[in-house]
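What follows is each chain in one-letter form.
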Amino acid sequence: MKLLITGANGFLGRHVVLEALRRGHAVRAVVRPASDISLLPFAQHPAVEFARLDLRSSRGLAEACAGVDAVLHVAAAKAGDFYAQFAGTVIATENLLAAMDQVGVSHIVAVSSFSVYDYSRPRSFQRLDEDSPLEAHPADRDEYAQTKLIQEQLIRDHAQGRGWRWTILRPGVIFGPGNLWTARLGAQAGSCWIRIGGWATLPVTYVENCAEAIVLAAEHVAASGRIFNVVDDDLPTQRAYAAALRAQCSPRPRIVPVAWTLMRGLAGLAQMSNSLFFRGQAKVPGILVPARLDARCKPLRFTNQRLKQALGWKPRHAWREALRRSVSSSSGAPGMQSLSVAKCDSDCLAGRA
């Protein structure tokens, strides 16, 4: 197949391109107009052509979509205020869908996020799967969750209304080289890690495992009209992942554990005080907003059975091996000296979950 891959120079996108090439596909890689592609590992690959586009504009999009068999929509805005993220996620998706219509491409695989789920309703340690309720009060969450919810609905409505072949994948915490910290652990404060809870399961997926799931979804007719959560096997607890990550750091940070029940109580108190004294208008750190704290640290259970059964997907790398691979392949500082400022490309960065 010939695949159009958006966000091809991003953390996840570049691994999707590599996986598509590994599986024998041709790729048209969408990158930002000013992107330096010289360091991309597939920059000179004969099966790759580049399309320099700003998805927030429709200019050149139809030409980029022409002649491809499927679109893998990986690009999304992960920073900025609501309007910036709306433009980079929702308007970009509207433009892409319109371009596909224009040239007759009717197959899309879209990457969404665990951020779309409602984390306040499930009980602690209840299983969260593809049938779990979506967030009913998006305004209580961050901009990323709000725009991802809109994007998903937009894709489903557009594709179903036209009889397209479509798939939505919702990865959990995507980790890999340079992207190892997650806000689902808690927070970083200088040389300390404040770990909120210890026994919550982290819904991690190694970036190479996740990329393979995305390409498989494009290949398999069984993925059509389906939504899949993407998490790896044998998921770690917060305590296990934080300890393994800390062991790779130099110098090693101090871990300060805070009980989940205590933190949830503090967030509830902050919400009540805000409502009573400030009419809910005070700006409160996300970690003290109950809906956002639940999305980050609430102890739940996760499954990948639907994805495995439908597509025959099996994570090639277990999380401990993947962590070692990520550290050994990280460029720059010896050890993991840059870890404290590393950013996670997953939906869990800065409270996204």
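Quick notes on the rules
- Residues numbered from 1 in each chain as written.
- Predicted model: local features only at pLDDT ≥ 70, side-chain atom pairs only at ≥ 80, totals over all residues.
- Heavy atoms only, no water.
- Helix = DSSP H or I, 4+ residues; strand = E, 2+ residues; numbered from the N terminus.
- Rg over C-alpha atoms; globule rule 2.2 N^0.38 Å.
- Buried < 20%, exposed > 50% of the residue type's maximum accessible area, 1.4 Å probe, protein only.
- Salt bridge = Lys/Arg side-chain N within 4 Å of Asp/Glu carboxyl O.
- 1 Å grid on protein atoms, 1.4 Å probe; cavity = no way out; pocket = protein on both sides within 12 Å on 5 of 7 lines; lining within 4 Å.
- Points joined across faces, edges and corners; volume = space filled by probe spheres on them.
- Nonpolar A, V, L, I, M, F, W, Y, C, P; charged D, E, K, R; others polar.
- Pairing = 2+ DSSP bridges.
- Patch = residues over 30% accessible without salt bridge, like charges linked within 9 Å, V, L, I, M, F, W, Y side chains within 5 Å.
- Areas by Shrake-Rupley, 256 points an atom, 1.4 Å probe, with all protein chains shown as cover.
- Arc of directions from axis to C-beta.
- Contact = heavy atoms within 4.5 Å.
- Phe/Tyr/Trp six-rings, centres within 6.5 Å; stacked < 30°, edge-to-face > 60°.
- Core = buried A, V, L, I, M, F, W, Y, C linked by side-chain atoms within 4.5 Å.

A. Quick peek at the overall build of the protein. When helices and strands are tallied, the protein shows 10 helices and 14 strands. The C-alpha atoms of the protein give 20 Å as radius of gyration, which agrees with the globular expectation for 353 residues (20 Å, within 12%). Taken along its principal axes, the extent of the C-alpha atoms in the protein is 55 × 45 × 40 Å. The burial tally for the protein puts 54% of its 353 residues in the buried class.

B. Structural view of the pattern of salt bridges. In the structure shown here, the tally under the stated rule is 21 salt bridges. Between glutamate 135 and arginine 141 there is a salt bridge whose closest N-O contact spans 2.9 Å. In this structure, aspartate 294 and arginine 264 form a salt bridge, with 2.8 Å as the shortest nitrogen-oxygen distance. On the criterion of sequence distance, the pair formed by aspartate 294 in helix H8 (residues 290–297) and arginine 264 in helix H7 (residues 260–278) is long-range, its members being 30 residues apart. Taken together, the shared-partner salt bridges in this structure form one network comprising Glu19, Arg22, Arg23, Glu212, Glu219 and Arg316.

C. Just the layout of surface pockets, in detail. Empty space within the largest pocket amounts to approximately 610 Å³. Residue lining of the largest pocket: 30 residues in total, with Gly7, Arg32, Ala75, Ala76 and Ala77 positioned closest to the centre. If one sorts the elements of the lining of the largest pocket by residue count, helix H1 (residues 11–22) sits on top with three residues. Residues that form the lining of the largest pocket fall into these classes: 15 nonpolar, eight polar and seven charged.

D. Spatial organisation of the pairing of strand E12 (residues 226–230). Here E12 lies mainly inside the structure; four of its five residues are buried. For strand E7 (residues 165–171) and E12, the ladder comprises five bridges, and the chain directions are parallel. In the sheet register, leucine 169 faces E12, and the bridge partner there is phenylalanine 228.

E. Focus on a nonpolar patch on the surface. Taken together, the side chains of Leu269, Met272, Leu276, Phe277 and Phe278 present a nonpolar region at the surface, about 590 Å² in accessible area. As for its placement among the helices and strands, phenylalanine 278 is situated in helix H7.

F. Region of interest: helix H10 (residues 319–329). Among the residues making up H10, those that are buried are Trp319, Ala322, Leu323, Ser326 and Val327. Buried residues of H10 fall within an arc of 135° about the axis and therefore sit on the same side. Away from the buried face of H10 by more than 90 degrees, exposed residues Arg324 and Ser328 are located. Elements that come into contact with the buried residues of H10 comprise strand E8 (173–175), strand E11 (204–206) and helix H6 (238–246).

G. Quick peek at the packing of aromatic side chains. Considering all chains together, one arrives at nine aromatic pairs under this definition. A ring pair is formed by phenylalanine 114 and tyrosine 117, whose centres lie 5.7 Å apart and whose planes are at 90°; its orientation type is edge-to-face. Of the residues examined, phenylalanine 114 reaches a relative accessible area of 1% and is grouped as buried. Taking 5.8 Å as the distance between ring centres and 40° as the angle between the ring planes, the aromatic pair formed by phenylalanine 114 and phenylalanine 302 counts as tilted. In this pair, phenylalanine 114 is assigned in the loop between strand E5 (107–111) and strand E6 (127–128) and phenylalanine 302 in strand E14 (residues 301–302), connecting sequence segments 188 residues apart.

H. Up close: the nonpolar core. Counting residues in hydrophobic clusters, the biggest one holds 69 residues, and the most contacted among them are Ile5, Leu12, Val16, Leu72, Ile214 and Tyr241. For this core, the leading source of residues is helix H5 (residues 207–219), giving nine residues. What isoleucine 5 contacts, discounting residues up to four positions off in sequence, is Gly13, Val16, Val17, Ala20, Val27, Arg28, Ala29, Val30, Leu72 and Val74. Membership of the second largest hydrophobic core comes to 26 residues, among which are Leu4, Leu53, Leu96 and Leu97.

I. Here's a closer look at the side chain of threonine 89. Structurally, threonine 89 can be placed in helix H3 (residues 82–103). Taking relative accessible area as the criterion, threonine 89 reaches 0% and is therefore assigned buried. With residues up to four places along the chain from it excluded, the contact list for threonine 89 reads Ala76, Ala77, Thr147 and Gln151.

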